[in-house]
Each structure stands twice: as structure tokens, then as C-alpha cells.
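Understanding the architecture of this molecule
This is what each chain is made of:
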Amino acid sequence: MKNILKSFMMCTAALMMAGATISCNQEESKIIKTDIPVRPAGQQDVLGLRTPALDTVRIAFVGLGGRGSFAVYRYTSVPWTKIVALCDIEPDRVQKNVDFLAEKGIEVKATYTGDEGFKTMCQRDDIDLVYICTDWKNHAPIALYALEHGKHAAIEVPSATSLDECWALVNAAEKNRRHCMMLENCCYDFFEMSALQMARNGVFGEVLHAEGSYHHNLTDYWDGYWRNWRLEFNSKHKGDIYPTHGLGPVCQALNIHRGDRLKTLVAMETKSNNGVESVKRYQGVDMPEFQNGDETCTMISTEKGKTILIQHDVMTPRPYDRMYQLVGTRGYAAKYPVEMYSLSREKMDEIGIEYDENFNIHGPLSEEQVKDLYAKYPSPILDNDLEELAKRVGGHGGMDFLMDYRLIYCLHNGLPLDMDVYDLAEWCCISELGAISIANGSAPVEVPDFTRGAWDKVNGFSYAFADGSFK
Ligand SMILES: NC(=O)c1ccc[n+]([C@@H]2O[C@H](COP(=O)([O-])OP(=O)(O)OC[C@H]3O[C@@H](n4cnc5c(N)ncnc54)[C@H](O)[C@@H]3O)[C@@H](O)[C@H]2O)c1
């Protein structure tokens, strides 16, 4: 009786805080479930979606702050593209980018400003892709409008801020048969791509556990965001509100919705100390009710018995860190805080990595051994020319350019994208689900299956290529 009551109270609290439709099954009384909307009649999943190949991908950018302007710069080097339109609420930000492109000899056909300029822009019939770099609250509304007007949508991280937005984007992509991709650049970091290739080839045995994080001290940066959107969002929301840099790459290594799926999560947070101080420093306001904990931890279990730990901390002096750690039955990879690999002797014998009698199973592989590993498992999407171009154009060492290149390569060739709308929803839903868990004493919360039953239809993560192969 006590348990049932506790469960009821937990669900009631969650309902009140999240606004999501939640049910508690008394047989699994400790797991909180959120509503999975029925797929509308006639609609099908978009796993492996192919759309007609585009000779030139005609792009419109929305949101031309720091990130959007940098994307415009990168796209001056991405092949098979044409920048057709630019849009920002603020006219001076549009003009700055028009001027920049003019200096490069690129004339922009159309520009849009104001709160709803993006709507007029999406009504044009000469745009294939809407590339969205606004603040978080504007991501999903703009993407939904673009999808409904027959455009593909590429959206900065996190693309959705709530379960409702995740489901709306999934439904819009399915209904309109258009790509909707989150711009998760960390999936294209050279370390993550190499380790992914090793994981796919069984170098670590079976990957059992993975860790990812966003530790990035933003203390000195809060006032750089347009109309203070980021600190304001942090002040109003609990949970890991920026989970995708940590979660995206490890989900690829764990084949999430390609043979496994995220099942349940629990989340915990510290109190907010530095968040409260930041509001005082930047806005001169006392805000004891600041919502986001200085550090939030989320643990996720998968259908196939794996675990993932995701952490979020944008408040403390902890050095920048995305963790990216894979723990397998035969090996280990870590990008942060120190890059390292380690393998069992059996695995090194099997794949031909040399070691001598002094080999210490408690330590990492040597530089030479790691070089050998990289030589044996190159990422299939890289060749020397592309790697050189990516590093020259830049964007977090080249990963931003590689992400853009792969997005356009796939659209140009009519191929499935590396990341689909289900990745977007799975990686973004963690925020609201974590908030529900925290509001209920860190109770387990079910992660919805956004594919609605097709999570094991695709066999493992792969990249598509123009010759018809998947590697
Ligand atoms: N992937 C990465 O490594 C990375 C790095 C930085 C930022 N980001 C993401 O990029 C996005 C933008 O961040 P930022 O630092 O450029 O923010 P910013 O505050 O510098 O810029 C946001 C811009 O969006 C515009 N905007 C807002 N609503 C709009 C609307 N309805 N129509 C047109 N324009 C609108 C604003 O006028 C502003 O120019 C965020 O989602 C952020 O999380 C990602």
C-alpha cells in the first residue's frame, strides 16, 4: 500500500512539473512512463530514408549569431551547395553575413528579418535545406515549419527541448518524408570517429558501458548570448539540458535504434550555487529558485543490458571534458580527460597489435600501439584530401566541417543521412526525462521508443556511400 501510494505521489509530482502525459503501471510501479503517441494512420517510419538526389543543395540559414555565422563561413567551402537565403531576427546580423559573402563573390538571393521572417523564407520553392542555428526555444518551431513546407531541416544542438517537441519532429519528418537531422558535430571528432570504427569491428569486445559529458565552464560567456537566452533557459529547467555532445557519439557506438535501444534512466543533480551567482553577476538579480543544478548526472540502461553515464556541468571551473569513454569486454577507449586506449592480451593477439613481456595490463597502450590501431581502423568517411580540407576550414578542429560535408554528400547522392530524426529525439529527450526523474527522487523513467517498434530493424550503425555500399 505504502509503495503504491509512493508511486502515485511520484507520478503526480512528475505530471505537475513536466506537463507530459505520464502513466504508472502498478506492476512496474517504480518506472515512470510517458505517453507514446500513436503513429497517425498512413504514416511510416523514416529509417533509412532516401530522398531524390540533389545536384546542388540550396540552403537557407536561420539564426546568424556566433554559431550561424560560422556555419555560413564553412559553407563557402562545402561542395554541391548554394546559399540562397539568410534570416535572423536582427537585421544587422543578416547584413554582416551578406557583406561577408559579398567579399567572397557570393550574392545571396533573399534575406529575411524579424520574429517570423523564417516563415516567409520557408514558403519559397527554391530552398532544399533549412539550417537552423537559433537559440534552443526556436529550434523546433522553425524546423517544424520548414518540414511542413517540404524542406529538409538541419538543427543545432539540442534540437528539441521537450518530449512534445521530440515527438512533433518525428511525426513531421515521417509525415512529410523529409530529413530532420540534429547537427551533432561531436560525432565527427577524429577520436570519436576512430573509436567508433574500432567498436564496430569488435576491437573492444562487446561495449558494455559508455560515458559522455558536457563539462564546459561558461562563467565568462553568459552575456554573449542573444537576449540572455541560455542563462534564462538554465534558470528555468532541471535535468541535463545539453546532453547530445556526450550522448550522441556513444549511442552510435552502442547501435542505439540499430539493434539496441535506450530503456530507462535515472538522474540526480547538485544544488545550484554557481548558477545563482551567475544570475546575480550578469543580471543583478537574486534568484534562489534557479532550477538547473551545477552538476547533473544521468544514468541510462539499454534493452541489451548496457549502461551509459552522461554528465552536465557548465557552471564550475572543471576543465572542458566530453568524457567519451567506451568500456568493453576486451578493451577501453577514453578521449577525456586524457586520450588513451587499452586492450586485453587476447584481443591484441587477435588483431595483431604487438606487445612484449613488459606489457602491463593495468596501463594504457603505448603511442606506437595506438598508431597501429589507427592504421588498422581508419574511419570509412575520411581520406587524406577530405581530412586536410576539414582541418583547414576548421570548426572544433575540423569536425564541424566533416559534419556539414557528410550531410551535403548524402543529400547530393540521395542517401540516408548518418543521423536521423530518431537519433535527434533519443539524444534530446534525456533532458525532460531527467527532470521528471529528479522531481521524483531520482526514480527510473522509461525512455520512449521513438521508432515505435522498429528499433532493431536496422543492423548496426553504418555510413552510406554513393557507390551503394554501407561501411
Ligand atoms: N555544436 C556546437 O559545437 C555548438 C557550438 C555553439 C553553439 N551551438 C548551438 O548553436 C545555437 C546558436 O548558438 P549561438 O551561440 O550562435 O547563439 P547566439 O545567441 O549567438 O545566436 C542566436 C541567434 O538566433 C537568432 N534568432 C533567434 N530566434 C530567431 C528567429 N525566430 N528567427 C531568426 N533568427 C532568430 C538571434 O537573433 C541570434 O542572432 C544554439 O543552439 C547552441 O546550442 C552549438
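Everything quoted here is computed from the prediction, not taken from an experiment.

**Examining the overall build of the protein chain**
- Assigned secondary structure in the protein chain consists of 16 helices and 16 strands.
- In summary, the protein chain has a C-alpha radius of gyration of 22 Å against a globular reference of 23 Å for 471 residues, a match within 12%.
- With the C-alpha coordinates of the protein chain rotated into their principal frame, the extents come out at 65 × 60 × 50 Å.
- Counting all 471 residues of the protein chain, 47% fall into the buried class.
- In the protein chain, the share of contacts with a sequence separation of at least 24, taken over all contacts with a separation of at least 6, comes to 74%.

**A look at the site of the ligand**
- Inspection of the region around the ligand gives 24 residues, with G63, G65, R67, E156 and W226 positioned closest.
- If you list the elements that add at least two residues to the shell around the ligand, you get helix 2 (66–75), strand 4 (81–88) and helix 5 (136–148).
- Counting residues per element, the shell around the ligand draws most heavily on helix 2, at three residues.

**Section: the pairing of strand 10 (residues 262–269)**
- Relative to strand 11 (residues 296–302), strand 10 is paired through seven bridges, and the arrangement is antiparallel. Counterpart to E269 in the pairing with strand 11 is T296.
- Here two bridges tie strand 10 to strand 16 (residues 445–446), and the two strands are oriented antiparallel to one another. Note on strand 16: the bridge partner recorded for L265 is V445.

**With respect to the nonpolar core**
- With 118 residues, the main nonpolar core has A60, F61, A143, L169 and A425 as its most contacted residues.
- Of the residues forming this core, the biggest block, ten residues, is contributed by helix 14 (residues 399–413).
- In contact with A143, not counting residues within four places along its chain, are I132, A153, I155, S159, L169 and C180.
- With five residues, the next largest nonpolar core counts Y214, I241, V314 and M315 among its residues.

**Description of the sheet that holds strand 5 (residues 110–113)**
- Strand order across the open sheet formed by six strands is 5-4-3-6-7-8, with parallel pairing between neighbours. Two strands lie at the open edges of the sheet, namely strand 5 and strand 8 (180–182), each paired on one side alone. Going across the sheet, the axis of each strand differs from the next one's by a mean of 20°, ignoring polarity.
- Relative to strand 6 (residues 129–132), strand 3 (residues 57–62) runs parallel, the two sharing four bridges. Following the sheet pairing, V62 is matched in strand 6 by I132.
- Along the sheet, helix 3 (residues 91–103) contacts strand 4 and strand 5; its crossing angle with strand 4, the most-contacted strand, is approximately 155°.

**Section: the pairing of strand 4**
- Among the eight residues in strand 4, seven count as buried, and that is most of the element.
- Of the pairings in the sheet, the one linking strand 3 to strand 4 comprises six bridges and is parallel in character. Its bridge partner lying in strand 4, R58 is registered against K82.
- Following the backbone out of strand 3, through helix 2 and into the adjacent parallel strand 4, one traces a crossover that is right-handed.
- Bridge analysis of strand 4 against strand 5 gives four bridges, and the strand direction is parallel. Bridge pairing in strand 5 links A85 to A110.
- Note on the crossover from strand 4 through helix 3 to strand 5: the handedness is right-handed.

**Topic: the environment of R124**
- Along the chain, R124 turns up in the loop between helix 4 (117–122) and strand 6.
- Taking the C-alpha atoms as reference points, R124 and G460, separated by 336 residues in sequence, lie 38 Å from one another.
- Beyond its immediate sequence surroundings of up to four residues, R124 is in contact with A85 and A110.

**Overview of the packing of helix 6 (residues 163–176) against helix 15 (residues 421–428)**
- At their nearest, the axes of helix 6 and helix 15 sit 9 Å apart, and the two run at 175° to each other. Here helix 15 runs roughly antiparallel to helix 6, going by the angle between their axes. Residues C166, L169, V170 and A173 of helix 6 touch helix 15, and the partners they reach there are V421, Y422, L424, A425 and C428.
- Here the contact of helix 6 with helix 15 is composed, by residue class, of nine nonpolar, no polar and no charged.

**Notes on the environment of K306**
- Looking at the secondary structure, you find K306 in the loop between strand 11 and strand 12 (307–313).
- For K306, a count of 22 C-beta atoms within 10 Å corresponds to the buried category.

**With respect to the confidence of the model for the protein chain**
- Per-residue confidence for the protein chain averages 94 on the pLDDT scale, and 94% of its residues sit at or above 70.
- Per-residue pLDDT stays below 50 along residues 1–18; that stretch engages in 27 contacts with residues further than four places along the chain or on separate chains.

Cut-offs applied
- Residues numbered from 1 in each chain as written.
- Predicted model: local features only at pLDDT ≥ 70, side-chain atom pairs only at ≥ 80, totals over all residues.
- Helix = DSSP H or I, 4+ residues; strand = E, 2+ residues; numbered from the N terminus.
- Rg over C-alpha atoms; globule rule 2.2 N^0.38 Å.
- Buried ≥ 20, exposed ≤ 12 C-beta atoms within 10 Å, placed from the backbone.
- Contact = placed C-beta atoms within 7 Å.
- Near = placed C-beta within 6 Å.
- Pairing = 2+ DSSP bridges.
- Core = buried A, V, L, I, M, F, W, Y, C linked by C-beta atoms within 7 Å.
- Axes fitted to C-alpha atoms, helices over the stretch in contact; angles between N-to-C directions.
- Right-handed = clockwise from strand over helix to strand, strands pointing away.
- Parallel < 35°, antiparallel > 145°, perpendicular 65-115°, else oblique.
- Nonpolar A, V, L, I, M, F, W, Y, C, P; charged D, E, K, R; others polar.
- pLDDT = per-residue confidence, 0-100.

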